[in-house]
Amino acid sequence: MTSKLKDQALKDDIIRFCTQRGADLVGFAPVDRWDEYDEVPPQFRPGAIFPQARTVIVLGMSMPLPVMETTPSALHKELYDTTNRQLDNLAVELTRYLNRLGHASFPFTRDTYTSMRALRENNMAAFGHVPAARYAGLGTIGMNQCILTPEFGPRVRFVSVFTAAEIPADPMQPKELCIKCKLCAESCPKSAITPREDRVIGDYDKTACLEMHEELVRRRCFPCGICTKVCPIGKDRRLYKSKGARKKYQKEKETLAANPDAPEYSSWQHIRKYGIAHKPKEPLVGKK
Ligand code: SF4
Ligand code: SF4
């Protein structure tokens with residue numbers, strides 16, 4: 001077998017390994033892309049963190065839309081925690097598998113912060129899965145600062161595995177997926193996203209978003225995710241027959257403030273009623 005065929009065979013094997021264990025998306029980014037695009041500070045690049053790295057394998061698992069629509073809720077929290085655990089397990093499992101095959105590898109699990117206080121002190125991750133997923137061709141960065149994928153919009157979470165194996169790269173997405181509809185910015189309860197005329201990615205007020213999350217941690221229903229719930233991008237909307245939900249999202253706060261039992265939101269409200277301490281006086285959805 002030529003070395004090109006061997007590299008492709010390894011790639012196919014990794015895709016099989018990961019999809020059989022629950023990955024919805026698998027992408028491959030050469031470490032050179034971090035230097036080529038020069039957007040990420042040098043010490044945050046995979047080559048600086050793990051000098052043997054030649055390829056970053058990015059794994060994604062989707063967050064089912066109807067559960068995201070209940071955020072903030074105990075159910076959404078459980079889905080988020082479960083997805084994170086599954087992703088972390090898969091990253092570590094893939095690392096051990098590649099090591100056994102003779103390819104030195106290094107897992108980078110998802111959020112890698114231990115408390116809200118840690119984020120207050122330093123609101124940065126040691127490695128960003130968002131640029132990694134973009135360089136691995138899985139999506140583009142939307143106004144809400146999340147990766148938007150053709151399959152699930154931003155309703156997908158990621159981990160990365162750095163490996164010494166040289167694996168054929170995936171092409172980056174050829175065009176922006178964000179349509180600048182501004183629904184994420186309009187829906188944020190803390191006004192943390194500000195659209196910009198000169199680029200797709202909005203300005204992001206990390207402190208305002210953190211304040212929301214501190215509140216949700218106190219209520220044991222972290223995280224928020226409203227800006228990912230409302231995004232119209234993603235084929236998952238077709239699966240769940242959820243095209244045209246914009247109006248429902250836009251009217252949610254006002255409608256629920258007037259009538260918490262409004263029938264069009266009854267299934268979301270039912271789920272929100274249970275398992276959360278210290279219920280908020282007004283709905284934690286929509287603009288403040
Ligand atoms: S996660 Fe919530 S608070 Fe943070 S930017 Fe998105 S909608 Fe706003
Ligand atoms: S909600 Fe609209 S503006 Fe925001 S990321 Fe999605 S497509 Fe872009």
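Above this text is the structure in question.
Residues numbered from 1 in each chain as written. Chains lettered and ligands numbered in written order. Predicted model: local features only at pLDDT ≥ 70, side-chain atom pairs only at ≥ 80, totals over all residues. Heavy atoms only, no water.

### Some points on the pairing of strand β1 (residues 25-30)
β1 sits mainly inside the fold: five of its six residues count as buried. Alignment of β1 against strand β2 (residues 55-62), held across six bridges, turns out to be antiparallel. Bridge pairing in β2 places Ala-29 opposite Val-56. (Buried < 20%, exposed > 50% of the residue type's maximum accessible area, 1.4 Å probe, protein only. Helix = DSSP H or I, 4+ residues; strand = E, 2+ residues; numbered from the N terminus. Pairing = 2+ DSSP bridges.)

### Focus on the environment of Gly-128
Tracing the sequence through the fold places Gly-128 in the loop between α6 (116-121) and α7 (129-135). Judged by its relative accessible area of 27%, Gly-128 falls in the partly exposed class. Along the chain, Gly-128 and Cys-221 lie 93 residues apart, while their C-alpha atoms are 24 Å from each other.

### Topic: the site of ligand 1
Around ligand 1, the neighbouring residues are Cys-188, Pro-189, Ala-192, Ile-193, Cys-209, Met-212, His-213, Cys-224, Gly-225, Ile-226 and Cys-227. Counting only elements with at least two residues in the shell around ligand 1, the list comes to α9 (206-218) and α10 (226-229). No other element matches the three residues that α9 contributes to the shell around ligand 1. Among the residues making up the shell around ligand 1, the classes are represented as nine nonpolar, two polar and no charged. (Near = heavy atom within 4 Å. Nonpolar A, V, L, I, M, F, W, Y, C, P; charged D, E, K, R; others polar.)

### Considering the packing of aromatic side chains
Within this structure, the stated rule accounts for 13 aromatic pairs. When the ring of Phe-108 is compared with that of Phe-127, the centres are 5.3 Å apart and the planes differ by 45 degrees; the resulting orientation is tilted. Linking Phe-108 in strand β3 (residues 105-108) with Phe-127 in the loop between α6 and α7, this pair joins segments that are 19 residues apart in sequence. You'll find Phe-108 and Phe-127 in the same group, each marked buried. Among the aromatic residues, those joined into a ring-pair cluster are Trp-34, Tyr-37, Phe-50, Phe-106, Phe-108, Phe-127, Tyr-135 and Phe-162. (Phe/Tyr/Trp six-rings, centres within 6.5 Å; stacked < 30°, edge-to-face > 60°.)

### Some points on helix α5 (residues 74-100)
Here α5 is 27 residues long and its end C-alpha atoms lie 39 Å apart, about the 39 Å a rise of 1.5 Å per residue gives. Gly-102, located one to two residues past α5, shows a positive phi value of around 95 degrees. (Expected span 1.5 Å × (residues − 1).)

### Focus: the site of ligand 2
Taken together, Met-143, Asn-144, Leu-148, Cys-178, Ile-179, Lys-180, Cys-181, Lys-182, Cys-184, Cys-231, Pro-232 and Ile-233 make up all the residues around ligand 2. Its residues placed into classes, the shell around ligand 2 shows nine nonpolar, one polar and two charged.

### A word on the pattern of salt bridges
A full pass over the atoms with the stated rule returns 18 salt bridges. The network of salt bridges with common partners includes Arg-196, Asp-198, Arg-199 and Asp-203. (Salt bridge = Lys/Arg side-chain N within 4 Å of Asp/Glu carboxyl O.)

### Some points on the sheet that holds β3
A sheet is described by the order of its strands in space; here four strands give the open sequence β1-β2-β6-β3, paired in antiparallel fashion. The sheet is open, and its two edges are formed by β1 and β3, each paired on a single side. With strand direction ignored, the average angle separating the axes of adjacent strands in the sheet is 20 degrees. Pairing between β3 and strand β6 (residues 156-163): four bridges, direction antiparallel. Each bridged residue has a counterpart across the sheet, and for Ser-105 the counterpart in β6 is Thr-163. The strands touched by helix α1 (residues 3-20) within the sheet are β1 and β2, with β1 carrying the most contacts at an inclination of about 145 degrees. (Axes fitted to C-alpha atoms, helices over the stretch in contact; angles between N-to-C directions. Contact = heavy atoms within 4.5 Å.)

### As for the nonpolar core
Ranked by internal contacts, the top residues of the largest apolar core, which has 25 residues, are Leu-216 and Tyr-249. Mapped by element, the contributors of at least two residues to this core are α4 (65-68), α5, α6, α9 and α12 (246-258). Phe-127, Ala-133, Leu-138 and Phe-152 belong to the second-largest nonpolar core, a separate cluster that totals 24 residues. (Core = buried A, V, L, I, M, F, W, Y, C linked by side-chain atoms within 4.5 Å.)

### Description of unusual backbone geometry
Note: most peptide bonds trans; most residues except glycine with negative phi. For the peptide bond that leads from Thr-71 to Pro-72, omega is -5 degrees, which places it in the cis range. Following Phe-222, the chain continues into Pro-223 via a peptide bond in cis, with omega recorded as 5 degrees. Along the polypeptide, Pro-223 turns up in the loop between α9 and α10. Positive phi, normally seen in glycine, also occurs at Ser-191, with a value near 50 degrees. Inspection of the secondary structure assignment puts Ser-191 in the loop between α8 (183-187) and β7 (193-194). Residue Ser-191 is classed as partly exposed on the basis of its relative accessible area of 32%. Its identity as a non-glycine residue notwithstanding, Lys-241 has a phi of 50 degrees, on the positive side. Along the chain, Lys-241 turns up in the loop between α11 (236-239) and α12. Classification of Lys-241 by relative accessible area gives exposed; the value is 76%.

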